[in-house]
Amino acid sequence: MDDSPPPPPNDAPDTQTPPPPQQTSIHTGSPTDFLKGVVGKKVIVRLNSGVDYRGVLSCLDGYMNIALEQTEEHVEGNVTNRYGDAFIRGNNVLYISAAEAI
């Protein structure tokens, strides 16, 4: 057993403390408000399968059926196909994200 006294506390200010994270814009609107706000803008649609579709949100309905224009299909981060227009059935959608500031 070691009978030596514990080391004294370090009273020097910690110069290696990272700065606090910057505040990001927090939107408190409803999902409906978000979806109305991104119509006509670039979005990323993630499917349950993990495939992403990126394009301009043309329209959507209450079932989350989505119509995209200028669509690119991304699998594991790589573009695999390009479509002029694409229709995605809502039950396949995991989420919709804005690809540009709204």
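We now turn to the structure provided with this report. None of these values were measured; they are calculated from a predicted model. Residue positions are given per chain, counting from 1 as you read along its sequence in written order. In view of the model being predicted, local features appear only for residues whose pLDDT reaches at least 70, and side-chain atom pairs are presented and counted only at 80 or more, with totals across whole chains, interfaces and linings using the full set of residues. Computation of side-chain values: all heavy atoms of the structure, hydrogens and water removed.

Looking at the overall build of the protein chain
Secondary structure elements follow DSSP: runs of H or I no shorter than four residues count as helices, runs of E no shorter than two count as strands, and numbering proceeds from the N terminus. For the protein chain, the helix and strand inventory stands at 1 helix and 5 strands. For every residue, the accessible area obtained with a 1.4 Å probe (protein chains only) is divided by the maximum for its type, and the residue is called buried under 20%, exposed over 50%, and partly exposed between those limits. Looking at the protein chain as a whole, 24% of its 102 residues are labelled buried. Any two residues whose heavy atoms approach within 4.5 Å are treated as being in contact. Long-range contacts, defined as pairs at least 24 residues apart, comprise 38% of the intrachain contacts of the protein chain with a sequence gap of at least 6. Accessible surface, the protein chain: about 7,900 Å² in total, of which carbon and sulfur atoms supply 52%. Only the protein chains shown count as covering a residue, and every accessible area follows the Shrake-Rupley method with a 1.4 Å probe.

Some details on the sheet that holds strand β1 (residues 42–47)
Ordered by their spatial adjacency, 5 strands build an open sheet running β4-β3-β2-β1-β5, and the pairing between neighbours is antiparallel. Only two strands of the sheet have a single partner each, and these edge strands are β4 (78–88) and β5 (93–98). Ignoring strand direction, the axes of neighbouring strands in this sheet form an average angle of 25°. Any two strands between which DSSP finds at least two bridges are classified as paired. Here 5 bridges tie β1 to β5, and the two strands are oriented antiparallel to one another. Note that in β5 the partner of V45 across the bridge is I96. Across the sheet, helix α1 (residues 31–38) is in contact with β1, β2 (52–60) and β5; its angle to β5 comes to roughly 60°. Angles shown run from 0 to 180 degrees and are taken between the N-to-C directions of axes, each axis being a line fitted to C-alpha atoms and, for helices, limited to the stretch in contact.

Some thoughts on the environment of S49
Within the secondary structure, S49 sits in the loop between β1 and β2. The class of S49 is exposed, set by a relative accessible area of 58%. Taking C-alpha positions, S49 is 9.7 Å from V75, a pair spaced 26 residues apart along the chain.

Brief notes about the pairing of β4
Side-chain positions along a regular strand alternate between the two faces of the sheet. Inspection of the sheet shows strand β3 (residues 66–75) paired to β4 by 9 bridges, in the antiparallel sense. Directly across from H74, in β4, lies its bridge partner V79. The antiparallel hairpin formed by β3 and β4 contains 2 residues in its connecting segment, where E76 sits at a positive phi of about 50°.

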